[in-house]
Amino acid sequence: SVILLCMHIAASALDGATSPYLADYGQTCNRPPKKRENAMPYSDWMADHQHKRLGDMHLPGAHDAGTIRDKIDLTALGTVGNAVTQDLSMRDQLRCGTRFFDLRLKVKNDEVVAHHTTGGQGAYGVKRFDQTIQEIDRWCGRHPTEVVIIRISHTSTDTNAARIIRSSCARN
């Protein structure tokens, strides 16, 4: 598998510990976090850990992050029940604190998209992979204390993922 690390962060951030803001992560992702004294938004939770090593942190992650409810094309045997793995858009997953994304890529109609397919059942994401990378890159630019890790797996040579990553993350 390929590990893509999009970083817009001070070098000192690569020094981690578990975020205290993740204790009620699962219950607050679809609604605003409970008010707490000195609480920071989940979208910037890594700001409190700039002095920590990334390898020592526990990052919230999303399995099959690109097969999002209402943003998929089902296969002939696909159903929402066997295909959808996320209810939130990538941007909303980031806003809720997710920093590790598992993306599985396939070519569909000459475009590389996320997928969750096995044996003819499942779905393809409707957003192209390069659009997803650009969306994450823009989000990282607005949240410079955060690190986002994207794991690309379940792909084949026809996706040409390495070329897409290079062109999507190229900076002018």
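Residues numbered from 1 in each chain as written. Predicted model: local features only at pLDDT ≥ 70, side-chain atom pairs only at ≥ 80, totals over all residues. Heavy atoms only, no water.

Q: Pulling in residues and values, what's your account of the pairing of strand E4 (residues 100-108)?
A: When strand E2 (residues 61-62) meets E4, the two strands line up parallel, connected through two bridges. Of the residues in E4, the one forming a bridge with Gly-61 is Phe-100. By the bridge criterion, five bridges tie E4 to strand E7 (residues 147-153) in an arrangement that is parallel. The residue bridging Leu-103 from the neighbouring strand is Ile-152, located in E7. Here four bridges tie E4 to strand E5 (residues 111-118), and the two strands are oriented antiparallel to one another. Across the sheet, Val-107 pairs through a bridge with Val-112, a residue of E5. In textbook terms, the turn of a hairpin is the stretch between consecutive antiparallel strands, and for E4 and E5 this stretch comprises two residues, one of which, Asn-109, has a positive phi near 55 degrees. (Pairing = 2+ DSSP bridges. Helix = DSSP H or I, 4+ residues; strand = E, 2+ residues; numbered from the N terminus.)

Q: Could you give an account of the environment of Gly-78, naming the residues involved and the relevant values?
A: Residue position: Gly-78 is located in the loop between strand E3 (72-74) and helix H2 (80-83). The spatial distance from the C-alpha of Gly-78 to the C-alpha of Gly-119 is 9.9 Å, given a sequence separation of 41 residues. If we ignore the near neighbours within four places in the chain, the residues touching Gly-78 are Gly-120, Gln-121 and Gly-122. (Contact = heavy atoms within 4.5 Å.)

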